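Here are the chains, one letter per residue:
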Amino acid sequence: MEAPIHCAPAPDALFKLAGDDASPDFPQPDVQILTSAGLHIPAHAAVLASASPVLESVVDCPLKHRSSQRVIPILGVPCAAVAVFIRLLYSSRYEEDELGKFGIHLLALSHVYSVPKLKQRCAKAVGQNLTIDNVVDVLQLARLCDAPDLYIKCMKLVSNNFKPVEQTEGWQFMQGHDPWLELEILQFIDESELRKKKARRHREEQRLYMELAEAMDCLEHICTEGCTSVGPYDVEPNRKSLPCSKFSTCRGVQLLIRHFATCKKRVNGGCSRCKRMWQLLRLHASICEQHDLCKVPLCRQFKLKMQQEKKGDETLWKLLVRKVVSARVMSTLSLAKRKR
């Protein structure tokens, strides 16, 4: 038996329902949209065809009987969602509560019938209502509907809340019916952890380069002007002067210099603190451009030695020098910006 015919008030803001009250200035509906519950929604073929290329191909198909009215079935979603979808094809105005209530269904319909602007807006609305309980279902839908922004947002939510998501019914259902999606999720989580580790390692390296660059500045400052307790041989340290702006690093360099000057193990290479001092002096010599005017001890000697010798770790050392020089430049720029 044929389902009973009912008219749903879908596009009533744009035209009146067919009947005696139809507006004489607006064409009569010439298409019926059939929903899963047997509901018939009147519509205009020209409007549907202009809004959706898929509906245009359906409308252009010839009828089997000339006298019959064209019926387009839109099944598998709630009738109210179909009514909202048809109304949105007539007008781009929408209500937020409608997108919140039927966002998932409207996303699927806008994808199936190729309505990109509506699809984009629905994907955004669905992403704003993501929860731990529905994220797996929405992820599957985003994958099927080719919604990359929503897909990435779901993946990030799953990655950041993996333990609670793993306890949901959606996850358990997905494990039994879509193992490839489970593999994609696990790979995404693994790649996300690798990116976090790489970013953390990069931050630690940048912090180390900044500390070395600051130590270079302090070494030049101590050997040129002098600081609280250590200074050049021809300048008497002023113990009454205020500490410099980098005193926490400067004090450490001063203590290292004082130890280096009195340590008896440095000749045999048995002191780790003296080794650090040698490395600081060598690093300074690699960076320094003052040549004969530099007051840092052993700067010229290290330069001559580096020109004469070619060590196996020369490449790594040059890389370290470039990183420290870059850190010094960035520090100078940030300081100038703060002063402005």
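The rules behind the values
Residues numbered from 1 in each chain as written. Predicted model: local features only at pLDDT ≥ 70, side-chain atom pairs only at ≥ 80, totals over all residues. Heavy atoms only, no water. Helix = DSSP H or I, 4+ residues; strand = E, 2+ residues; numbered from the N terminus. Buried < 20%, exposed > 50% of the residue type's maximum accessible area, 1.4 Å probe, protein only. Contact = heavy atoms within 4.5 Å. Pairing = 2+ DSSP bridges. Salt bridge = Lys/Arg side-chain N within 4 Å of Asp/Glu carboxyl O. Disulfide = S-S within 2.5 Å. Patch = residues over 30% accessible without salt bridge, like charges linked within 9 Å, V, L, I, M, F, W, Y side chains within 5 Å. Areas by Shrake-Rupley, 256 points an atom, 1.4 Å probe, with all protein chains shown as cover. Lys, Arg positive; Asp, Glu negative; His and termini not counted. Charge placed at Lys NZ, Arg CZ, Asp CG, Glu CD. Core = buried A, V, L, I, M, F, W, Y, C linked by side-chain atoms within 4.5 Å. Axes fitted to C-alpha atoms, helices over the stretch in contact; angles between N-to-C directions. Expected span 1.5 Å × (residues − 1).

*Asks:* Which residues make up the overall build of the protein chain, and what values go with them?
*Replies:* Tallying secondary structure elements over the protein chain gives 14 helices and three strands in all. When burial is assessed residue by residue, the protein chain has 38% of its 340 residues classed as buried. Across the protein chain, every contact between residues at least 6 apart in sequence was considered, and the portion connecting residues at least 24 apart equals 59%.

*Asks:* Can you tell me about the pairing of strand E1 (residues 31-34), naming the residues and giving the values?
*Replies:* The pairing of E1 with strand E2 (residues 40-43) spans four bridges and is classified as antiparallel. Looking at the pairing, Gln32 lines up with Pro42 of E2. Counting the residues in the hairpin turn of E1 and E2 gives five residues, including Gly38, whose phi is positive at 85 degrees. Alignment of E1 against strand E3 (residues 70-73), held across four bridges, turns out to be parallel. For Leu34, the partnering residue across the bridge sits in E3 and is Pro73.

*Asks:* So what's going on with the pattern of salt bridges? Which residues, and what values?
*Replies:* Under the counting rule described, the total for this entry stands at five salt bridges. The salt bridge partner of Glu184 is Arg143, with a shortest N-O separation of 3.3 Å. You can see Glu184 sitting in helix H10 (residues 179-224) and its partner Arg143 sitting in helix H6 (residues 135-144), a full 41 residues away along the chain. Owing to a relative accessible area of 26%, Glu184 belongs among the partly exposed residues under this scheme. On the accessibility criterion, Arg143 (32% relative accessible area) is partly exposed.

*Asks:* Describe the state of the cysteines, and please don't skip the residues or the numbers.
*Replies:* Within this structure, the stated rule accounts for zero disulfides. Note on Cys263: no disulfide assigned, nearest cysteine sulfur contributed by Cys274 at a separation of 3.6 Å. The buried category is assigned to Cys263, whose relative accessible area is 14%.

*Asks:* Can you explain a positive patch on the surface? Please cite residues and give values.
*Replies:* Positive charge collects at one region of the surface, where Lys196, Lys197, Arg200 and Arg203 lie side by side. On the secondary structure map, Lys197 appears in helix H10. Of the residues examined, Lys197 reaches a relative accessible area of 47% and is grouped as partly exposed.

*Asks:* Give me the nonpolar core: which residues, what numbers.
*Replies:* Ranked by size, the top nonpolar core spans 53 residues in total, and within it Ile33, Leu48, Phe85, Ile86, Leu106, Leu150 and Ile185 carry the most contacts. Per element, the largest residue contribution to this core is nine residues, and it comes from helix H3 (residues 79-90). Apart from residues lying up to four places away in sequence, Ile33 is in contact with Leu39, His40, Ile41, Ala43, Leu48, Ile72, Ile74, Val82 and Ile86. Within the second largest apolar cluster, 35 residues are counted, among which are Ala215, Val253, Leu256 and Phe302.

*Asks:* Would you mind going over the environment of Asp146 in detail, with residue names and values included?
*Replies:* As for its placement among the helices and strands, Asp146 is situated in the loop between H6 and helix H7 (148-160). Since its relative accessible area comes to 56%, Asp146 is described here as exposed. Distance from Asp146 to His111, taken between C-alpha atoms, is 8.1 Å for residues 35 residues apart in sequence.

*Asks:* Which residues make up the packing of helix H9 (residues 169-177) against H10, and what values do they have?
*Replies:* Interhelical geometry of H9 versus H10 gives an angle of 115 degrees and a closest axis separation of 6 Å. Residue-level inspection shows Trp171, Met174, Gln175 and His177 of H9 in contact with H10, the latter providing Pro179, Leu181, Glu182 and Ile185.

*Asks:* Report on helix H12 (residues 272-287), specifying residues and quantitative values.
*Replies:* Along an α-helix, a turn takes 3.6 residues, which lines up residues three or four apart on a common side. With 16 residues, H12 extends 23 Å between its outermost C-alpha atoms, agreeing within 8% with the 22 Å of an ideal straight helix rising 1.5 Å per residue. Within H12, the full set of buried residues consists of Cys274, Met277, Leu280, Leu281, Arg282, Leu283, His284, Ala285 and Ile287.

*Asks:* Give a description of unusual backbone geometry that names residues and reports values.
*Replies:* The phi dihedral of Ser114 is positive, around 55 degrees, even though this residue is not glycine. Here Ser114 lies in the loop between helix H4 (96-112) and helix H5 (116-128). The class for Ser114 is partly exposed, based on a relative accessible area of 31%. One non-glycine residue, Leu298, adopts positive backbone phi at about 65 degrees. Within the fold, Leu298 resides in the loop between H12 and helix H13 (299-308).

*Asks:* Describe a nonpolar patch on the surface, with residues and values.
*Replies:* A contiguous nonpolar surface patch, about 360 Å² in accessible area, is contributed by Val325, Val329, Met330 and Leu333. Mapping Val325 onto the fold places it in helix H14 (residues 314-339).

*Asks:* Residues and numbers for H10, please.
*Replies:* Here H10 contains 46 residues, and its C-alpha end-to-end distance of 67 Å stays within 8% of the 68 Å for a straight helix at 1.5 Å per residue. In the segment just after H10, Gly226 is the residue with positive phi, at about 85 degrees.

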